Each structure stands twice: as C-alpha cells, then as structure tokens.
Amino acid sequence: MKIKETGIEGLLILEPQVFKDPRGYFLESYNKSTLEPQGIHYEFIQDNQSQSSRGVIRGLHYQKGPHAQTKLIRVTEGTVFDVAVDIRPGSQTFGHWFGLEISADNFLQLLVPSGFAHGFSVLSKHATVFYKCDAYYHPDSESGIRFDDPNLQIDWKIDMKSAIVSEKDRNLPYYIDL
C-alpha cells in the first residue's frame, strides 16, 4: 500500500496495490498490520456506505468532541470528488481544504482523521461510497459546515446550479461561525 501526503498533516491518500488479470482484479483495501508500521494506527469499528446520483453533494459533515470520527473513504462504483476541511483548532492548516477524485477505477482511498469536516460530490451517473470509521455514529455530536461556504471556496467539480443537496446540508452553519 502506497501512502501519499496531501500537504495537510494527517490527511493521507492510500493507494492499494491492484493485481489485474483476465478474470478482473484483486486488491487489499485495508490491512491494519501493513499500515501500522507506516504510522497509521486506527481501530475501525463501523462501516458505512451510501449511493448517490450525479450532481449530489453530501457534506460537509463531522462529529464533535469525544465522538469525533476518523474515516477511511473509498468508492466502489462511479466517481466522486472527495473533500476534507481541516477544522482542528491550532492546526497550521486550519480552514484549508483538500479535494481528490476517487473512483472505482483509480482505487484511491482518503484517510480523513478526526478534526476534519468531510463531504463529496458525485461526478458519475451513480457512485457508491464506502467508508470505515473509528467511532460510532452519535446523533447528538453530529455537525457540519455549509457546502457552498464562500470563505472556503470549494470547487465541487459540478454545475452548482443543478447540485442536489439535502435541506439539512443547506442549513448547516458557515465555517466562520464555528
């Protein structure tokens, strides 16, 4: 597994080794014993999956306090533009965001540590996003940042006039209000 830095401490791109042959492919998407010697020490306890259609934006979501989650994100169908925003107080990159195209074809994964807001936009007809979490979902700790916050200026790589966004996500606070 190759690990690439993003320029934001702790936010990492994981690129598994993919073995392809006439039958298809095989890859190991996660192996704790392979990642630990490379400094990645998480105990993932919950898996989540969502499917969305082209133009959907989900996010930017996070959990507060002791229920904050680290997420390991991958795409099993289609293509998304995945975004993580550093919201760690005192971080040198506080308020910075990083985006990465993740697809079922490129096999990339994004490791998003706790202290980041996370979201994605769907670039393909459909996309299935699968992610591991190191903390359980806790509804009372749920929070987020508006996807279209002018302070962040995230380019979601889709036509924003036709973006499909839940009412809940449209009503999230702006970054400045954190």
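Residues numbered from 1 in each chain as written. Predicted model: local features only at pLDDT ≥ 70, side-chain atom pairs only at ≥ 80, totals over all residues. Heavy atoms only, no water.

**Quick notes on the pattern of salt bridges**
All chains considered together, the criterion is met by nine salt bridges. As a salt-bridge pair, Glu36 and Lys32 come within 3.9 Å of each other at their nearest N and O atoms. Classification of Glu36 as partly exposed rests on a relative accessible area of 30%. On the accessibility criterion, Lys32 (32% relative accessible area) is partly exposed. In this structure, Asp148 and Arg146 form a salt bridge, with 2.8 Å as the shortest nitrogen-oxygen distance. On the basis of relative accessible area, Asp148 is assigned to the partly exposed category, the value being 32%. One salt-bridge network, in which partners are shared between bridges, spans Lys32, Glu36 and Glu43. (Salt bridge = Lys/Arg side-chain N within 4 Å of Asp/Glu carboxyl O. Buried < 20%, exposed > 50% of the residue type's maximum accessible area, 1.4 Å probe, protein only.)

**Details of the sheet that holds strand E7 (residues 71-77)**
Note: strands within a sheet are paired through backbone hydrogen bonds, in either parallel or antiparallel orientation. Taken together, the six strands give an open sheet; going across it, the order is E1-E2-E10-E7-E12-E5, and neighbouring strands pair in antiparallel fashion. With one partner strand each, in any of the chains shown, strand E1 (2-5) and strand E5 (46-53) form the two edges of the open sheet. Neighbour-to-neighbour, the strand axes of this sheet turn through a mean angle of 25°, independent of strand direction. (Pairing = 2+ DSSP bridges. Helix = DSSP H or I, 4+ residues; strand = E, 2+ residues; numbered from the N terminus. Axes fitted to C-alpha atoms, helices over the stretch in contact; angles between N-to-C directions.)

**Focus on empty space enclosed by the protein**
Considering all chains together, one arrives at two cavities of 30 Å³ or more under this definition. Put simply, the largest cavity is a space of about 50 Å³. Surrounding the largest cavity, Tyr62, Gln63, Ala68, Gln69, Lys71, Val112, Gly115 and Phe116 form its lining. Here the residues of the lining of the largest cavity are counted per class, giving four nonpolar, three polar and one charged. (1 Å grid on protein atoms, 1.4 Å probe; cavity = no way out; pocket = protein on both sides within 12 Å on 5 of 7 lines; lining within 4 Å. Points joined across faces, edges and corners; volume = space filled by probe spheres on them. Nonpolar A, V, L, I, M, F, W, Y, C, P; charged D, E, K, R; others polar.)

**Topic: the pairing of E1**
Examined bridge by bridge, E1 and strand E2 (residues 12-15) share four bridges and lie antiparallel to one another. In the sheet register, Lys2 faces E2, and the bridge partner there is Glu15. Counting the residues that bridge the hairpin from E1 to E2 gives six residues, and of these Gly7 lies at a positive phi of roughly 95°.

**Looking at the sheet that holds strand E9 (residues 97-103)**
Pairing is antiparallel in the open sheet, where five strands are placed in the order E9-E8-E11-E6-E13. Single-partner strands in this sheet number two, and they are E9 and strand E13 (142-144). Averaged over all pairs of adjacent strands, the angle between their axes in this sheet comes to 30°, without regard to strand direction. Pairing geometry for strand E6 (residues 57-63) and E13, over three bridges, is antiparallel. Bridged to Tyr62 within E13 is Ser143.

Functional significance is not addressed by these values, which are geometric in nature.
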